Amino acid sequence: MNTVDLKNFSLDELEAFITGTGKERFRARQIFKWLYQKDARTFGEMTNLSREFRQELERTTFISDLEPEVVEHSADGTKKYLFRLSDGVTVESVLIPEEDRTTLCISSQVGCAMGCEFCLTGTFRLTRNLTTAEIVNQVCAVKRSDPVRNIVFMGMGEPLHNLDNVIRALKILTDPDGFQFSNRKVTVSTSGLVPQMRRLGEAVTVNLAVSLNATTDEVRGRIMPVNRTYPLAELLAACRAFPLPSRRWITVEYVMIRDLNDSLEDARRLVRLISTFPSKVNLIPFNEHDGCTFRTPTQDAIDRFHKYLLDKHVTVITRSSRGSDISAACGQLKGRLETADGARESDPQKRATHESGGICNG
Ligand code: SAH
Ligand code: SF4
């Protein structure tokens, strides 16, 4: 059986692979363009390659693909795609249309190992990493039906916990011979894996979003176990050191949870914490779900917090919950469907493997 999936290669790697078979280096670029610019799904389509070469590729390699099993439309235009992978597990991508730009939120893992207390994905364990091909195939599949302007790694999983595949996927997304996304249009979100932030910055130029979510080590350590390994001081130092092109900023995500991190005192501390690097703050009112007893803040608390940041000249947006009628907000399309399929919520094993939703929570 062919085991070499061509979509698992960055262009460099594809060149090494192709020259390794004795073919010219430029053939790799041709194939790469077929895969990502023309969305070729068979070798037969690659008409600038000789018949013999195509047959050889057919024998030794394959082109993987994903098709959505379900697409759910929300009243506000948000669309959620559920993909079933070759081993039966599922992941989600969410398309969020906005006036002048359409953002696709993609997943990097099935489940997540980070265990953040407020996050549905984190309530469960990591099932597995996605391959490079599985990451880019989410984009291939959605682009067939919808134009995509921006890509955010804010779906299921911690992208920096699957760093090699995420870096490869980022290279494919931004390669002039690949998807051709400007690196300004691609954002990776992390819960704060400090050494991996450094490696990401060395490997590629992309936008970084950091899920800060609290302003003291005490609270952050309680809701985000990663903070016990990389506390605030180290995380903020990594933000300062992150190689940002000029006139760029780090997006600081702040999930607001009632009576936990929504006070003016928090707002004051937040302003101080982020003052040493260019940033924009995304306030995300906590999205309530069954897996967790936290509550969303009152509108007053959100407005007060937002206004405090504005008064301190911090660029801030409060994300409205999109797609809540299809659970895109804290997506349990996966959970809902598979629970209906017979996976009982009372069965912890099944919950762990089936109901690990939680995607693009704003
Ligand atoms: N693992 C990465 C990216 C995926 S999570 C990270 O943590 O950054 C994407 C965003 O959703 C994160 O900012 C996270 O803090 C937020 N989030 C998770 N659960 C949420 C919930 N229930 N309500 C609101 N935002 C949530
Ligand atoms: Fe994982 Fe991000 Fe959820 Fe934390 S917030 S559990 S890192 S997906």
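Preceding this paragraph is the structure being described.
Just so it is clear, the model here is predicted, and its values are computed rather than measured. Residue numbers run consecutively from 1 along every chain, following the written order of its sequence. Numbering of ligands from 1 and lettering of chains from A proceed in the order in which they are written. The model is predicted, so local features are restricted to residues of pLDDT at least 70 and side-chain atom pairs to those at 80 or more, both for listing and for counting; the totals for chains, interfaces and linings are taken over all residues. Side-chain measures here rest on the full set of heavy atoms in the structure, leaving out hydrogens and waters.

A. How the structure looks around the overall build of the chain. Elements are defined by DSSP. Helices are runs of H or I of four residues or more, strands are runs of E of two residues or more, and each kind is numbered from the N terminus. Each helix and strand in the chain was counted, giving 14 helices and 14 strands. Note on classification: 1.4 Å probe, protein chains only; a residue is buried when its accessible area is under 20% of the maximum for its type, exposed when over 50%, partly exposed between these limits. Looking at the chain as a whole, 56% of its 362 residues are labelled buried. Any pair of residues with heavy atoms lying within 4.5 Å of one another is described as a contacting pair. In the chain, once contacts between residues fewer than 6 apart in sequence are set aside, the share between residues at least 24 apart is 65%. All accessible-area figures derive from a Shrake-Rupley calculation using a 1.4 Å probe, and residue coverage is judged against the displayed protein chains alone. For the chain, the exposed surface amounts to about 15700 Å²; the carbon and sulfur share of it is 48%.

B. Local environment of the pattern of salt bridges. In the sections that follow, a salt bridge refers to a side-chain nitrogen of Lys or Arg positioned within 4 Å of a carboxyl oxygen of Asp or Glu. Applying the stated rule across the entire model yields 24 salt bridges. Arg 41 is the partner of Asp 65 in a salt bridge, and the nearest nitrogen-oxygen pair spans 3.3 Å. On the criterion of sequence distance, the pair formed by Asp 65 in the loop between β2 (61-62) and β3 (68-73) and Arg 41 in the loop between α2 (26-36) and α3 (51-60) is long-range, its members being 24 residues apart. Judged by its relative accessible area of 37%, Arg 41 is partly exposed. Salt bridges linked by common partners bring Glu 15, Arg 25, Arg 29, Lys 33 and Asp 177 together as one network.

C. Summary view of the nonpolar core. Among the nonpolar cores identified, the biggest contains 101 residues, and Ile 31, Phe 118, Ile 151, Phe 153, Leu 200 and Leu 309 are the most heavily contacted of them. If one sorts the elements of this core by residue count, helix α6 (residues 163-174) sits on top with 7 residues. A domain split of this core shows at least three residues from each of domain 1 (4-62) and domain 2 (68-340). Discounting chain neighbours no more than four positions away, the residues touching Phe 153 are Ile 106, Ser 108, Ile 135, Pro 159, Val 166, Leu 170, Leu 173, Val 186, Thr 187, Val 188 and Ser 189. We define the nonpolar core as a collection of buried residues of types Ala, Val, Leu, Ile, Met, Phe, Trp, Tyr and Cys that are connected through side-chain atoms lying within 4.5 Å of one another. Among the nonpolar cores identified, the runner-up in size contains 6 residues, and Val 94, Ile 96, Met 154 and Ala 209 belong to it. An automatic or database domain assignment is the source of the domain bounds shown.

D. Summary view of the packing of helix α1 (residues 11-20) against α2. Angles shown run from 0 to 180 degrees and are taken between the N-to-C directions of axes, each axis being a line fitted to C-alpha atoms and, for helices, limited to the stretch in contact. Viewed as axis vectors pointing N to C, α1 and α2 meet at an angle of 130°, and their least axial separation amounts to 8 Å. Considered as vectors, α1 and α2 are oriented oblique to each other. Where α1 crosses over α2, the handedness of that crossing is right-handed. Two secondary-structure elements touch here, α1 through Leu 11, Leu 14, Glu 15 and Ile 18 and α2 through Arg 27, Ala 28, Arg 29, Ile 31 and Phe 32. By the definition adopted for this analysis, an angle is roughly parallel if under 35 degrees, roughly antiparallel if over 145, roughly perpendicular if from 65 to 115, and oblique otherwise. Two helices crossing with the near one rotated counterclockwise from the far one by less than a right angle form a left-handed crossing, whereas a clockwise rotation gives a right-handed crossing.

E. Quick look at the site of ligand 2. The full set of residues close to ligand 2 is Cys 112, Met 114, Gly 115, Cys 116, Phe 118, Cys 119, Gly 122, Gly 157, Glu 158 and Ser 191. Residues are grouped as follows: Ala, Val, Leu, Ile, Met, Phe, Trp, Tyr, Cys and Pro are nonpolar; Asp, Glu, Lys and Arg are charged; all remaining types, including Gly, are polar. Taken together, the residues of the shell around ligand 2 break down into 5 nonpolar, 4 polar and 1 charged. Neighbouring residues are identified by heavy atoms, a residue being near a molecule or strand if any of them is within 4 Å of it.

F. Quick peek at the sheet that holds strand β5 (residues 90-97). Strands sit in the order β3-β4-β5-β6-β9-β10-β11-β12-β13-β14 across an open sheet of 10 strands; the sheet is mixed. Edge positions in the sheet fall to β3 and β14 (315-318), since each of these pairs with one other strand and no more. Across the sheet, the axes of successive neighbouring strands diverge by a mean angle of 20°, strand direction being ignored. Sheet topology note: the β5/strand β6 (residues 102-105) ladder contains 4 bridges and is antiparallel. Paired with Pro 97 across the two strands is Thr 102, which belongs to β6. Docked against the sheet, helix α12 (residues 299-311) engages β12 (250-256), β13 (279-285) and β14, running at close to 165° with respect to β14. The rule for pairing is simple: two strands pair if DSSP sees at least two bridges between them.

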